[in-house]
Amino acid sequence: MHENQVEIGQADVERLVREQFPEWAREPIVRLRTSATTCHIFRIGPRLAARFPMQLADPGDLRSLLEAERTALAEFAASSTVPSPTTVAIGQPGCGYPMPWTVQTWIDGDVATPSSAQGSGLLAQDLAELLLQLRAAETRGRRFSGGGRGGDLSVHDEWVEYCLTRSEAMLPVGQVRAAWKTLRATPRASPDVMAHKDLTPANLLVADGRLAGVLDAGGFGPADPALDLVVGWHVLDRGPRELLRSRLGVDDDEWRRGAAWALQQAVGLVWYYEESNPSMSELGRSTLGRILTAPDLTW
C-alpha cells in the first residue's frame, strides 16, 4: 500500500514475542487479514494483539510516537463509553524488523463497514453518547497540535485539489470540488474539544447493531468539535445520521464542517487505495456519495 512499506512474517513475530515477552510464548499467534493501513496486526492468544507499523520510520522517533500513543489510548479508554484497547508493552526491533512495535489489549466485536449498520438508529444513539462523553473530557489547556485533520480546514486545500486531479476518472470531480469550496469556508467559533480524530468504520466494533468498541485512539486529543462528526458520513444513512445530529445538538455550521472533514478524508482514500486496498477506496466513494446527496447540505 505504501512505497516505504515494511513487511514482517508469522515466524518472525513468533520469535519476537518469544524472545522479548516470554510470558506470552505459549500463546497462539495468528496474523489478522484486515483493511488496516498503518499496522500489520497479529493476535496473541485471546486477550492481546501485536501491532507492527507498516511504514519505515526512524526507530527513536517512532518509539516516542508509540509512547505518546500509549498515553492517549489510556486517556481515551478512561473517557469512552465502550471498551477500547490500551498498550500493554512496547517491543524492540529484531528479527529483521527495524522498528519498535506494540502489544495492546484485544477488544471483541465485528469491525464495521460503510454499510453494515448504516440504517441502525441504535448505533447512531451509541455514537452520540460516545461523542458527548469525549467532548466532556478535559482538554487540560491543550489545543490542536497542528498536524493532520482537526484545525483549519483551508490548510488542506492543496491536498484536496491534488486528490481531485488524481481522481478525474473515478469521481464527479466538479461536484466534489464545488462541495469542498463551500463547506471548507464554513465559519467556526467553538473551542477545541477532545476527539478520537479517526472515527472510520475500520475503527468501530459493532455487535447486534450496537457500538461494541472503538479502536486506534492513539491520536486522542483536542480538535475542532466537528472533526468526529465524520463518523456520521462514514457509517450512517440519512435517518440515523439525522438522529446523531439531533442527539448532539449540532448547529448548521458545525454540521457542515463535519461534512467538510469527511470529504477531506474520503477524497484521499479513493485514488490512493484503488488497487492496494479496495475496501478503503470504496469507503471514500460511499462517504462522498452520502455528502453529495445529502438534502441538508447545499453549495
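Quantities reported herein were computed from a predicted structural model and do not represent experimental measurements. (Residues numbered from 1 in each chain as written. Predicted model: local features only at pLDDT ≥ 70, side-chain atom pairs only at ≥ 80, totals over all residues. Heavy atoms only, no water.)

Undergrad: Go over the overall build of the chain, please, and point to the residues and values.
TA: When helices and strands are counted, the chain shows nine helices and 10 strands. Since a compact globule built from 299 residues should have a radius of gyration of about 19 Å, the 19 Å found for the chain is in line with a globular shape. Projecting the C-alpha coordinates of the chain onto the three principal axes gives extents of approximately 60 × 40 × 40 Å. Counting contacts in the chain only where the partners sit at least 6 residues apart, residues at least 24 apart contribute 73% of the total. Looking at the chain as shown, the accessible area adds up to about 13500 Å², and 50% of this sits on carbon and sulfur atoms. Across the chain, the 30 positively charged side chains and the 38 negatively charged ones have centroids separated by 1 Å. (Helix = DSSP H or I, 4+ residues; strand = E, 2+ residues; numbered from the N terminus. Rg over C-alpha atoms; globule rule 2.2 N^0.38 Å. Contact = heavy atoms within 4.5 Å. Areas by Shrake-Rupley, 256 points an atom, 1.4 Å probe, with all protein chains shown as cover. Lys, Arg positive; Asp, Glu negative; His and termini not counted. Charge placed at Lys NZ, Arg CZ, Asp CG, Glu CD.)

Undergrad: Please give an account of helix H5 (residues 173-183) that cites residues and values.
TA: Among all positions of H5, only Val173, Val176, Ala179, Trp180 and Leu183 are buried. One face of H5 carries all of its buried residues, which in axial projection span an arc of 130°. Facing away from the buried side of H5 by over 90 degrees, the exposed positions are Gly174 and Lys181. Residues of H5 that are buried make contact with helix H4 (157-166), helix H8 (252-272) and helix H9 (278-292). (Buried < 20%, exposed > 50% of the residue type's maximum accessible area, 1.4 Å probe, protein only. Arc of directions from axis to C-beta.)

Undergrad: So what about the pattern of salt bridges? Which residues, and what values?
TA: Pairing of side chains with opposite charge becomes possible as their charged atoms draw close. One pass over the full model with this rule turns up 19 salt bridges. Note that Arg63 and Glu67 form a salt bridge whose closest N and O atoms lie 3.2 Å from each other. With a gap of four residues between them, Arg63 and Glu67 both fall in helix H2 (residues 59-79), about one helical turn apart. With a shortest N-O distance of 3.0 Å, Glu242 and Arg238 are connected by a salt bridge. One end of the pair is Glu242 and the other is Arg238, both in helix H7 (residues 238-248) and four residues apart, which spans about a single turn. Each member of the salt-bridge network shares a partner with another, and the members are Arg188, Asp192, Asp224 and Arg257. (Salt bridge = Lys/Arg side-chain N within 4 Å of Asp/Glu carboxyl O.)

Undergrad: Give a detailed account of the packing of H4 against H8, specifying residues and quantitative values.
TA: Between H4 and H8, the shortest axis-to-axis distance is 9 Å and the interhelical angle comes to 35°. Between H4 and H8 lies a crossing of left-handed hand. Between H4 and H8, the contacting residues are Trp159, Val160, Tyr162, Cys163, Leu164 and Arg166 on the first element and Leu263, Gln264, Val267, Gly268 and Trp271 on the second. Its residues assigned to classes, the contact of H4 with H8 comprises eight nonpolar, two polar and one charged. (Axes fitted to C-alpha atoms, helices over the stretch in contact; angles between N-to-C directions. Left-handed = near helix turned anticlockwise from the far one by under 90°. Nonpolar A, V, L, I, M, F, W, Y, C, P; charged D, E, K, R; others polar.)

Undergrad: Before we move on, can you summarise the nonpolar core with the specific residues and values?
TA: If you look at the biggest cluster of nonpolar residues, it comprises 61 residues, and the most contacted ones within it are Leu127 and Leu204. Sorting elements by how many residues they give to this core places H8 first, with 10 residues. Excluding residues within four positions of it along the chain, Leu127 makes contact with Leu204, Leu211, Val231, Val235, Leu236 and Leu244. Of all hydrophobic cores here, the second largest spans 21 residues; its members include Val6, Val17, Ile90 and Met99. (Core = buried A, V, L, I, M, F, W, Y, C linked by side-chain atoms within 4.5 Å.)

Undergrad: Can you break down the environment of Ser79 residue by residue, with the values?
TA: Along the chain, the position of Ser79 falls in helix H2. For the pair Ser79 and Leu134, spaced 55 residues apart in sequence, the C-alpha separation works out to 6.0 Å. Setting aside chain neighbours within four positions, we find Ser79 in contact with Gln133, Leu134, Ala137 and Phe220. Reaching out from Ser79, the side chain makes a polar contact with the backbone oxygen of Glu75 at a distance of 3.3 Å. (Polar contact = N/O pair within 3.5 Å; in protein donor to acceptor, adjacent residues only side chain to side chain.)

Structural measurements only, silent on function.
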